[in-house]
Amino acid sequence: MDSAARHQLVPILRISFPHEDRLGRGKMELLEHIRETGSISAAGRAMDMSYRRAWLLVSDMNRMFKVPVVESQRGGQRGGGAALTPFGEELLLRFRHMEEAVRTALAGDLAWLEGNRSQAEAVRK
């Protein structure tokens, strides 16, 4: 990421469900890593988190919906693995679409904020 992109204002989408469940960019990033690596532990390592933490986040997502988001396999020649279900793929796709819709909807307001932001604030980051 270049210096200019690091200093841009960015809206962050987080969906709050009843009973304190949340869905946000961290869980979506974890899903992307699981899709890329085929492994919950490798996905967690890619995000600097423990296997237990990654597994708990996957478990939370699987509990939040009627159908699983991630399915894991035990054993086998490579020691098992994990994959997004068709629902998990759709969830990831729709969440990324929602993020883009938020950025598009707020572009004018973000530009206004940026235009009125203190130069000291912009340089501090």
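Fair warning: this is a prediction, and the values are worked out from it, not measured in the lab.

As a further point, take the packing of helix 2 (residues 25-37) against helix 5 (residues 86-115). Here helix 2 crosses helix 5 at 135°, and the two axes come no closer than 10 Å. What the angle tells us is that helix 2 and helix 5 run oblique. Crossing geometry of helix 2 relative to helix 5 is assigned as left-handed. For the pair helix 2 and helix 5, contact is made by Arg25, Met28, Glu29, Leu31, Glu32 and Arg35 and by Gly88, Glu89, Leu91, Leu92, Phe95, Arg96 and Glu99, respectively. Across the contact of helix 2 with helix 5, the residue classes break down as five nonpolar, one polar and seven charged.

Going through the model one piece at a time under the given rule, you end up with two aromatic pairs. Centre to centre, the rings of Phe65 and Phe87 are 5.2 Å apart; their planes meet at 55°, and the pair counts as tilted. With Phe65 in the loop between helix 4 (51-64) and strand 3 (70-74) and Phe87 in helix 5, this residue pair connects regions lying 22 residues apart in the sequence. Look at Phe65 and you get buried, because its relative accessible area is 18%. Given a relative accessible area of 29%, Phe87 falls into the partly exposed group. Through pairs of rings, three or more aromatic residues link up here, namely Phe17, Phe65 and Phe87.

Rules behind the numbers
Residues numbered from 1 in each chain as written. Predicted model: local features only at pLDDT ≥ 70, side-chain atom pairs only at ≥ 80, totals over all residues. Heavy atoms only, no water. Axes fitted to C-alpha atoms, helices over the stretch in contact; angles between N-to-C directions. Helix = DSSP H or I, 4+ residues; strand = E, 2+ residues; numbered from the N terminus. Parallel < 35°, antiparallel > 145°, perpendicular 65-115°, else oblique. Left-handed = near helix turned anticlockwise from the far one by under 90°. Contact = heavy atoms within 4.5 Å. Nonpolar A, V, L, I, M, F, W, Y, C, P; charged D, E, K, R; others polar. Phe/Tyr/Trp six-rings, centres within 6.5 Å; stacked < 30°, edge-to-face > 60°. Buried < 20%, exposed > 50% of the residue type's maximum accessible area, 1.4 Å probe, protein only.

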